[in-house]
Amino acid sequence: MTKIITSNDVHLYYGKKEALHGINLDFEEHQITALIGPSGCGKSTYLRCLNRMNDLIKGVTITGSIKLENDDIYASQMDVVNLRKRVGMVFQQPNPFPFSIYENVAYGLRLAGEKDKHVLDERVETSLKQAAIWDEVKDHLYENALAFSGGQQQRICVARVLAVQPEVILLDEPTSALDPISSAKIEDTLMNIRHQYTVIIVTHNMQQASRISDKTAFLLNGDLVEFSKTEKMFIHPDDEKTSDYLNGKFG
Amino acid sequence: MNSKTSNNIATGVIYALVAAVIGILVFLLGYILWTGIPHISWHFLTSAAQSFRAGGGVRDQLFNSMYLLVLTLIISFPIALGSGIYLSEYAPNNWFTGLIRTAVEVLSSLPSVVVGLFGYLLFVIQFNMGFSILAGAIALTFFNLPLLTRSIEESLQDVSQLQREAGLSLGLSRWKTITGIVLPAAVPGILTGIILSAGRVFGEAAALIYTAGQSAPTVNYGDWNPVDPASFLNPLRPAETLAVHIWKLNTEGVTPDAAAISSGASAVLIVVILLFNLLARMLGNWMYKKMTATR
C-alpha cells in the first residue's frame, strides 16, 4: 500500500495550550481511515491540520511534519490553495453556497478554469450520482441549494468536493447533524468512492467507524492511543483505554 | 409582586414604548403628507421655482437631490466597499484596526454643519470648485462613508464563517472566496445599508448649504454633455437640493406661497425616500435571486 499522507510528531498549540502532543499517523491511499475519540480529544483539530484549515484560527502554532506524498504541506513554498484542491473537506454543518445545486457542484471546476458546458454538465451529474443524491435533485438542479433538507445539503457538499476530484477527502463529523437515514446515505457514498479516493473521517459514532473504515485511530486528550485495522481494534484492542472507550465506559 | 405580574408589567411597558415610537412616526408622516400632498401636482413637479411670484415648482431641486445622491454614491460606494472588505476580512485584530474603527465612528458623529464649513473652505474656496454638486457630493461622502463602511462590514460579518471555510477548503483563494461567495451572500444587507445612507443623503441640508449652494440655475435637460455649463449633468454647477430649498423657503422665502411650497416639497421628499426604499428592497431581493441561482 502506498502511503499518501505521513505525519510525524505533530504538536499543535492554541496560544500556550498544547492540544496535540505529538501525533504520528500515516494514511494509505484509497482507504477509509476513521478518527475516533471523545469530544475535545483533538481529532477534528488534527484533521484540520491536514489541509491547513487551522491557519484560519488566530494564535495556532503547529510543529512537526505532515507530508502529502512528498510535499511538506507546512513548507513555506507550499501553495495552500493548491493543497486544498488536492485535499478536500466536508464539514460537520452542511454548508452549501447560497447558489443553485448546479452552481454549487460546478463552482470549484469553473474557478479552476473549466468552461466547457458539456464537461461541467457531465461532472456535475457524475458527482451528484456518486454522492447518492442525483435521483432526488436531477429535476431541481437550478434551485437554491439552501432550500433542501440538511441531509440533502450535506450530500450536495460531498458532491461539490468530488467534482474537483481531490486526492484526499477529509470529513469532519459529516453525519452528526443528520438523521439516521441521511447518515446511511452519506455512508453509502463513502463506500462508493473508497476505491478512487483516500477518505479520512472524524466521527463520534463508533458503529459508523466500524461499518465503513478500513483503519481506525483512537485519540484521547491530544494523544494517539491506538491505530490499527478497524476489525482488530474493535475486537481486540491493544490498549485498555481503547477497550474502555469502545465499551462505553467513558466519552 | 409575583413573576406573572412583573412579566405583565414588563410586556405592557414594552408595548407602550413601541406604541410611542410608532405613534411619533405616524404623526410625523401623517402631518407632512396631510399638509403637503394637496400642494403636489404635475405642475409643481415639473416647473422651476419662483423667487417672488406664487406658483413655483421644485423640478430643479428634485433633480438636483437625485443627481447629488447618485454622485455621492458613485464616490462613496467603492471606497466603503473596499474598507468594509478590509475591516471584515483582512484587518488583524490590533491597535491599528481599532484606530481605523474609532476614526470611522468619529467621522460618523461629526456635526453636519462642521462638515459643510470644512467642505466650503477646502473644496469651494481652496480647490476653486465654487458652489457645486461635486463639492456637495464630496462633503456628503464624509457622512456616507462611515455608515456605508459599517453596514458593509456588518453584512459581510453576518455571512457564516462556514461559507468561508467551504470556499477555502474547495481550493479557492481568499480573494475569490470573498468576491465569489461572501459578497453575493451579503448583497441584501449591503443594499439595506445603501438605502439607509441614501435616505440621510437625500434629507441632508446643513452640509449642502455651504457646498452645493443655495441657488438652482436654470439648466437645459436636453443637454447631455456634462462639461457644458448649461447641461443638467454638469457636476460643477451650483445646485440647490430639495432639503436646502425647504430650509431656504422657511428662513428667507419671499414668495407669497412659501409655506405651501415648503409643505409640498417636504411631502415630495418623504415620498421619494419611501419609494426609494421600496424599490431598492425589491432590487435587493431580485439581485440576490439572480446571483444565487442560475436561470
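Residues numbered from 1 in each chain as written. Chains lettered and ligands numbered in written order. Predicted model: local features only at pLDDT ≥ 70, side-chain atom pairs only at ≥ 80, totals over all residues. Heavy atoms only, no water.

Per an unreviewed UniProt entry, chain B goes by the name Phosphate transport system permease protein PstA and belongs to Lentilactobacillus kisonensis DSM 19906 = JCM 15041. Word for word, the UniProt comment on chain B under Subcellular location (unreviewed entry) is "Cell membrane". (UniProt positions renumbered as here; feature names shortened; annotations may be inferred.)

Looking at an unreviewed UniProt entry, one finds chain A named Phosphate ABC transporter, ATP-binding protein and attributed to Lentilactobacillus kisonensis DSM 19906 = JCM 15041.

Participant: So what's going on with the overall build of chain B? Which residues, and what values?
Facilitator: For chain B, the helix and strand inventory stands at 11 helices and zero strands. Starting at the N terminus and walking to the C terminus, you meet the elements of chain B as α-α-α-α-α-α-α-α-α-α-α. The C-alpha extent of chain B, read off along each of the three principal axes, is 70 × 60 × 45 Å. Residues counted as buried form 42% of the 295 residues belonging to chain B. Within chain B, residue pairs in contact and separated by at least 24 positions form 75% of the contacts whose partners lie at least 6 positions apart. Counting every atom, chain B has about 15,200 Å² of accessible surface; 70% of that belongs to carbon and sulfur. (Helix = DSSP H or I, 4+ residues; strand = E, 2+ residues; numbered from the N terminus. Buried < 20%, exposed > 50% of the residue type's maximum accessible area, 1.4 Å probe, protein only. Contact = heavy atoms within 4.5 Å. Areas by Shrake-Rupley, 256 points an atom, 1.4 Å probe, with all protein chains shown as cover.)

Participant: Can you tell me about the UniProt feature "transmembrane region" (unreviewed entry) in chain B, naming the residues and giving the values?
Facilitator: Using the residue numbers shown here, the UniProt feature "transmembrane region" (unreviewed entry) corresponds to residues 12-34, 66-87, 99-123, 129-148, 178-198 and 258-280 of chain B. Strand forms 0% of residues 99-123 of chain B and helix 88%; the C-alpha atoms that close the span are 26 Å apart.

Participant: Tell me about the UniProt feature "domain: ABC transporter" (unreviewed entry) in chain A, and name the residues and values.
Facilitator: Mapped onto this structure's residue numbering, the UniProt feature "domain: ABC transporter" (unreviewed entry) falls at residues 5-246 of chain A. Secondary structure content for residues 5-246 of chain A is 38% helix and 27% strand, while the C-alpha to C-alpha distance between its ends is 26 Å.

Participant: Pulling in residues and values, what's your account of the pairing of strand 6 (residues 87-90) of chain A?
Facilitator: Residue and element names in this part refer to chain A. Here strand 6 shows a buried face lined by V87 and M89 and a second buried face lined by G88 and V90. As paired strands, strand 6 and strand 7 (residues 168-172) are joined by four bridges and run parallel to one another. When the sheet's bridge partners are listed, G88 is paired in strand 7 with I169. (Pairing = 2+ DSSP bridges.)

Participant: Got a sec to walk through unusual backbone geometry? Specific residues and values, please.
Facilitator: All names here are of chain A. Positive phi, close to 60°, is recorded for R52, a residue that is not glycine. Residue class for R52 comes out buried when judged on its relative accessible area of 14%. With a phi angle near 45°, E173 is a residue other than glycine that sits in the positive phi range. Mapping E173 onto the fold places it in the loop between strand 7 and helix 7 (180-193). Exposure remark for E173: the relative accessible area of 9% places this residue in the buried category.

Participant: Describe the UniProt feature "domain: ABC transmembrane type-1" (unreviewed entry) in chain B, and please don't skip the residues or the numbers.
Facilitator: Here the UniProt feature "domain: ABC transmembrane type-1" (unreviewed entry) sits at residues 62-280 of chain B. Secondary structure content for residues 62-280 of chain B is 74% helix and 0% strand, and the end C-alpha separation is 19 Å.

Participant: So what's going on with the interface of chain A and chain B? Residues and values would help.
Facilitator: Each partner contributes to the interface: chain A provides 29 residues, whereas chain B provides 23 residues. Between chain A and chain B lies a buried interface of about 2,200 Å² when both sides are counted; carbon and sulfur atoms form 64% of it. When the buried surface of chain A facing chain B is broken down by residue, F97, P98 and Y142 of chain A rank first, second and third, together holding 23% of it. For the pair chain A and chain B, the interface holds one salt bridge. We note a salt bridge from R48 of chain A to E165 of chain B, for which the minimum N-O separation is 2.6 Å. Here chain A is connected to chain B by four residue pairs in polar contact (both at pLDDT 80 or more). Considering each element in turn, the side of chain A that touches chain B owes the most residues, four residues, to helix 3 (residues 101-111) of chain A. The class makeup of the residues in the side of chain A that touches chain B is 15 nonpolar, seven polar and seven charged. (Buried area = accessible area lost by both parts, 1.4 Å probe. Salt bridge = Lys/Arg side-chain N within 4 Å of Asp/Glu carboxyl O. Polar contact = N/O pair within 3.5 Å; in protein donor to acceptor, adjacent residues only side chain to side chain. Nonpolar A, V, L, I, M, F, W, Y, C, P; charged D, E, K, R; others polar.)

Participant: Help me get a handle on the sheet that holds strand 6 of chain A, residues and values and all.
Facilitator: Two orientations exist for strands paired in a sheet by backbone hydrogen bonds: parallel and antiparallel. Residue and element names in this part refer to chain A. With mixed pairing, the six strands of this open sheet are ordered in space as 6-7-8-3-9-10. In this open sheet, the two edge strands, each paired with only one partner strand, are strand 6 and strand 10 (223-229). Across the sheet, the mean angle separating the axes of adjacent strands is 15° when strand polarity is ignored. Summarising the sheet, strand 3 (residues 32-36) and strand 8 (residues 198-202) pair through four bridges and their orientation is parallel. (Axes fitted to C-alpha atoms, helices over the stretch in contact; angles between N-to-C directions.)

Participant: Which residues make up the side chain of T211 of chain B, and what values go with them?
Facilitator: Residue and element names in this part refer to chain B. Note on placement: T211 falls in the loop between helix 9 (206-209) and helix 10 (242-252). Of note is the side chain of T211, whose polar atom sits 2.7 Å from the backbone oxygen of A207. Contacts of T211, omitting those with residues within four sequence positions, involve G116, G119, Y120, V124, G130, F131, S132, A135, G136 and A139.

Participant: Account for the packing of aromatic side chains, naming residues and giving values.
Facilitator: In total, this model carries 15 aromatic pairs over all chains according to the counting rule given. Ring centres 5.3 Å apart and planes at 55° place the aromatic pair F63 of chain B and F232 of chain B in the tilted group. Placement of F63 of chain B in helix 3 (residues 59-90) and of F232 of chain B in the loop between helix 9 and helix 10 is noted, with a sequence separation of 169 residues between them. With relative accessibility at 6%, the residue F232 of chain B sits in the buried group. Three or more aromatic residues link up through ring pairs in this structure, and these residues are F63, Y67, W224 and F232 of chain B. If you follow R160 of chain A out to its NZ or CZ, it ends over the ring of F97 of chain A, 4.3 Å from the centre. (Phe/Tyr/Trp six-rings, centres within 6.5 Å; stacked < 30°, edge-to-face > 60°. Lys NZ or Arg CZ within 6 Å of the ring centre and 35° of its normal.)

Participant: Could you give an account of the state of the cysteines, with specific residues and numbers?
Facilitator: Residues and elements named next belong to chain A. Under the counting rule described, the total for this entry stands at zero disulfides over all chains. Note on C41: no disulfide assigned, nearest cysteine sulfur contributed by C49 at a separation of 13 Å. Given the relative accessible area of 1%, C41 is considered buried. (Disulfide = S-S within 2.5 Å.)

Participant: Please provide a residue-by-residue account of the sheet that holds strand 4 (residues 60-68) of chain A, values included.
Facilitator: Pairing is antiparallel across the open sheet formed by four strands, whose spatial order is 2-1-4-5 (chain A). The strands lining the two open edges of the sheet, one partner per strand, are strand 2 (17-28) and strand 5 (71-72) of chain A.

Participant: Residues and numbers for the packing of helix 3 of chain A against helix 4 (residues 117-130) of chain A, please.
Facilitator: Residue and element names in this part refer to chain A. The geometry of helix 3 relative to helix 4 is characterised by a closest axis approach of 10 Å and an angle of 115° between their N-to-C directions. For the pair helix 3 and helix 4, the sense of crossing is right-handed. In this structure, helix 3 contributes I101, Y102, V105, A106, L109 and R110 to the contact, and helix 4 contributes K117, L120, D121, R123, V124, S127 and L128. (Left-handed = near helix turned anticlockwise from the far one by under 90°.)

Participant: Explain the packing of helix 3 of chain A against helix 6 (residues 150-163) of chain A residue by residue, including any values.
Facilitator: Residues and elements named next belong to chain A. In the contact formed by helix 3 and helix 6, the axes pass within 7 Å of each other and the chain directions differ by 30°. With respect to their mutual orientation, helix 3 and helix 6 come out roughly parallel. When the axes of helix 3 and helix 6 are compared, the crossing they make is right-handed. Facing helix 3, whose interface residues are I101, N104, V105 and L109, helix 6 presents I156, A159, R160 and A163. Looking at the contact of helix 3 with helix 6 residue by residue, the classes come out as six nonpolar, one polar and one charged. (Parallel < 35°, antiparallel > 145°, perpendicular 65-115°, else oblique.)

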